[in-house]
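Observations on the three-dimensional arrangement
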Amino acid sequence: PATAPAQEPGQEVEVTVRAVSEGGAAIAGISVTVHDVTMVSRSPLLRGRVESEGDVVSVSLAVGRNYRVRVQAPGHRGRDAHVSPSGPVTLRVVLTVDPYELPPITAAVGASDSEGLARSVTQARFADESLTYATVAEWLRDVPGAAVRGPGGSQALSVRGSRSEDVLVLLDGVPLNDPLTGRADLAMIPTSTLESGTLVRGAASQRYGSGAGAGVLLLTSRIGHGTGLSGGVRMESFGGMGLDLRAETSGRRGRLALSVSASRAENDFSFRNPVEPDAAAEVRTNADAAGVHGALTGASGPLSASLRFDRSERGVPGRAGTRVFADSRAEDQSWIATTGIELPAVRGSASYGWHRLGYRASAEDSESAQEVRELRMAGDTDIPSSPLTLGGRLTREEVEGDAIGGSPGRTTIGGRLVAALTAGRFRVDPALSVDVAGDRMVASPEISAAWLIYPQTRAWGRVGQGFRFPTFGDLYFASQYQLRANPDLKAERIAFDSEVGVSFRTLSGGVELETSASAWARRTEDPIVWLASSVALWSPRNLGELQASGLDLQVEVVSRGPAELGWRAQLAGTLQQSRVGFGSNRNPLPYEPGTTGRASFETWRGAAGLRLDIRY
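The structure reproduced in this document is the subject of the present report.

The rules we used
- Residues numbered from 1 in each chain as written.
- Predicted model: local features only at pLDDT ≥ 70, side-chain atom pairs only at ≥ 80, totals over all residues.
- Heavy atoms only, no water.
- Helix = DSSP H or I, 4+ residues; strand = E, 2+ residues; numbered from the N terminus.
- Contact = heavy atoms within 4.5 Å.
- Areas by Shrake-Rupley, 256 points an atom, 1.4 Å probe, with all protein chains shown as cover.
- Buried < 20%, exposed > 50% of the residue type's maximum accessible area, 1.4 Å probe, protein only.
- Core = buried A, V, L, I, M, F, W, Y, C linked by side-chain atoms within 4.5 Å.
- Phe/Tyr/Trp six-rings, centres within 6.5 Å; stacked < 30°, edge-to-face > 60°.
- Lys NZ or Arg CZ within 6 Å of the ring centre and 35° of its normal.
- Salt bridge = Lys/Arg side-chain N within 4 Å of Asp/Glu carboxyl O.
- 1 Å grid on protein atoms, 1.4 Å probe; cavity = no way out; pocket = protein on both sides within 12 Å on 5 of 7 lines; lining within 4 Å.
- Points joined across faces, edges and corners; volume = space filled by probe spheres on them.
- Pairing = 2+ DSSP bridges.

Another aspect to go through is the overall build of the chain. When helices and strands are tallied, the chain shows 4 helices and 40 strands. At a minimum sequence separation of 6, the contacts of the chain that also span at least 24 residues come to 60%. For the chain, the accessible surface area stands at approximately 29000 Å², while carbon and sulfur atoms represent 57% of it.

See the structure below:
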């Protein structure tokens, strides 16, 4: 440490903490906890996160007292430093990469630094990837075990051979899943308004409740880390254009950020009419899409809050061979308000979301619309002097709209108990949650284990259960288009969800190599499937079981040289199969690819870069 001339005892001086990697590069996103060890004390004096510079934290400490400074950063081993300041001090702390620790997941209450120990987790910081990935759907196409597909410009997520309604998507803790279909459209969520995205594969009902049977996608709105203005312009195929604007400020009192994004695409394309194959080619002009998004976020100490607005409109597919439905349109808009608190041993959040879905089948039809309102409260606490964490959640949902009688609703109450048991380099995490909604009660147990074989090698395994309650569309929705709801549906039950994996990471000569492989299997009992009767009347029913299994592989090599010059190569792939049916009748799950893969290479120098992607 570099010190200034001595000051009087008791006088406060500034202590500046910087964190660097073993190669000397600055590490951003550090957190600092300071303990006064002059007298025995269990309470930290300060728990602060980085503010303006991204890799520096400054604190005021008293001269003549002894302090222990704990410095932590995502993906690195925490380290302690001791200081007894006699004047202004600068601490330079070197942190080493820790393959056992993944970045903390902050999009929903109850997530901790240990979330990824026994799971396959992929995280992206969109502040660094907003030009590479314009939307969340584009990012997920590069993630092993994830498949993105959908009609009419919409993009729904499937994880490890699941249907899209079995993947819960949370934005600042609020579900984005359609209240009628259970699916979330990711194509119109721009990354420019997001801070991070985290995909957790495997059943996660113990932590997030209904809908997380195959996985959960956690999204967080952009948080201010500095002070300034920024923006970007996108130009894409099929007449696509986008504009992103951002303003943020941060200081000792907190952080505030405003993000605005707007986009549109013409999407005109030519096609042959299947009813008149010999006729001249026609032009589809109703595949255009437009959206506007805004997010205001703020944080001060342990408190945070956000307000977000999203609206998108697009043309959707109509019936082939007729022009009656050639101008079908869909509109989606929502407001989301959230607030949260995060203390060392207590975490909590509350959110309110309003979501409206509109659809017009043709120019002659009036618009059909449904609205859903959802209030969520959740929190957990670490039980003192024990490895236990106790948590609870409360959800109230209501829906109303055309073809839905009244304003049906659902209240869900859930609780969970998690333990973290460690012995050397081995860790076991048993968990149990119970959720009650009306006369439906579901228990979801899970046990996971992780083993740090070597400092660079980690193995893990997990087995558990999950569930999904029927959507409002399954229970209440009916229309003139041969659809009939089924209020007698049972909840889907993920009776068996398992995973085993191993990862390896090494750093040598400025080149970092990371590899991972995981095998998984899942069995879902009573999956909710829409089927047609003998008279083409479509309705949902609980159908037998769905079985899925597969293997995910990923290899990444990164080289960072002098003068901000570097390159990265990635290989990733998934082998999987999904079959659904009853008795001896088993059919492949429609639209689920059996093999997916990608290879990419990118290089950069400073702020300029070049990237090549190949997807299969």
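Having seen it, we continue.
Tracing the backbone through its elements, the reader meets D244 in strand β17 (residues 240–251). Residue class for D244 comes out buried when judged on its relative accessible area of 12%. Not counting residues up to four positions away in its chain, the partners in contact with D244 are S192, S230, G231, G232, R234, V260 and S261.

Judged by nonpolar contacts, the single largest core of 26 residues is most densely connected at W139, L140, L157, L186 and L217. Among the elements that take part in this core, helix α2 (residues 136–140) stands out by supplying 4 residues, more than any other. Setting aside chain neighbours within four positions, we find W139 in contact with T122, Q123, A124, F126, Y133, G197, T198, L199 and L217. Counting residues in hydrophobic clusters, the runner-up holds 21 residues, among them V15, V17, L61 and V71.

Glancing now at the packing of aromatic side chains. With the rule as written, the count across this model stands at 5 aromatic pairs. Seen from their ring centres, W567 and F601 are 6.1 Å apart, and the 25° between their planes marks the pair as stacked. Of this pair, W567 sits in strand β37 (residues 565–582) while F601 sits in strand β39 (residues 595–605); the two residues are 34 residues apart in sequence, bridging distant segments of the chain. On the basis of relative accessible area, W567 is assigned to the partly exposed category, the value being 32%. F601 gets classed as partly exposed once you look at its relative accessible area, which sits at 41%. Taking the ring centre of F472 as reference, the NZ or CZ of R410 above it sits at 5.3 Å.

What follows is about the pattern of salt bridges. Following the criterion strictly, the structure yields 44 salt bridges and no others. Between R163 and D166 there is a salt bridge, with the nearest N and O atoms lying 3.0 Å from each other. Judged by its relative accessible area of 6%, D166 falls in the buried class. Note that D288 and R329 form a salt bridge whose closest N and O atoms lie 2.8 Å from each other.

In this structure, F238 is a non-glycine residue whose phi angle is positive, near 55°. Residue position: F238 is located in the loop between β16 (228–236) and β17. By relative accessible area, which is 54% here, F238 ends up exposed. At S385, a position not held by glycine, the phi torsion is positive, near 55°.

Considering all chains together, one arrives at 3 cavities of 30 Å³ or more under this definition. Approximately 60 Å³ is the volume attributed to the largest cavity. Around the largest cavity, the lining residues are G145, A146, A147, S158, R160, G161, T574, Q576, E592, P593, G594 and T596. Elements with a minimum of two residues in the lining of the largest cavity: β10 (146–149) and β37.

The strands that make up a sheet are held in pairs by hydrogen bonds between backbone atoms, and each pair lies either parallel or antiparallel. Spatially, the 5 strands line up as an open sheet ordered β9-β14-β15-β12-β13, and their pairing is mixed. The strands lining the two open edges of the sheet, one partner per strand, are β9 (121–125) and β13 (174–175). The sheet contact formed by strand β12 (residues 167–171) and β13 spans 2 bridges and is antiparallel. Bridging across to β13, L171 finds its partner in V174.

Okay, the pairing of β16 next. For a regular strand, side chains alternate in direction, first toward one face of the sheet and then toward the other. Relative to β17, β16 runs antiparallel, the two sharing 9 bridges. Bridge pairing in β17 links L229 to A247. Here β16 folds back onto β17, and the loop between the two strands holds 3 residues, one of which, F238, carries a positive phi near 55°.

To continue, consider the pairing of strand β26 (residues 388–401). Inspection of the sheet shows strand β25 (residues 368–382) paired to β26 by 13 bridges, in the antiparallel sense. Within β26, the residue paired with E371 across the bridge is E400. The turn joining β25 and β26, which pair antiparallel and follow one another in sequence, is formed by 5 residues; a positive phi near 55° is taken by S385. Here 11 bridges tie β26 to strand β27 (residues 409–419), and the two strands are oriented antiparallel to one another. Paired with L394 across the two strands is I413, which belongs to β27.

This paragraph deals with the environment of A299. On the secondary structure map, A299 appears in strand β21 (residues 289–300). The sequence separation of A299 and I341 amounts to 42 residues, and the corresponding C-alpha distance is 9.6 Å. In contact with A299, other than residues within four places in its own chain, are R253, G254, R255 and S304.

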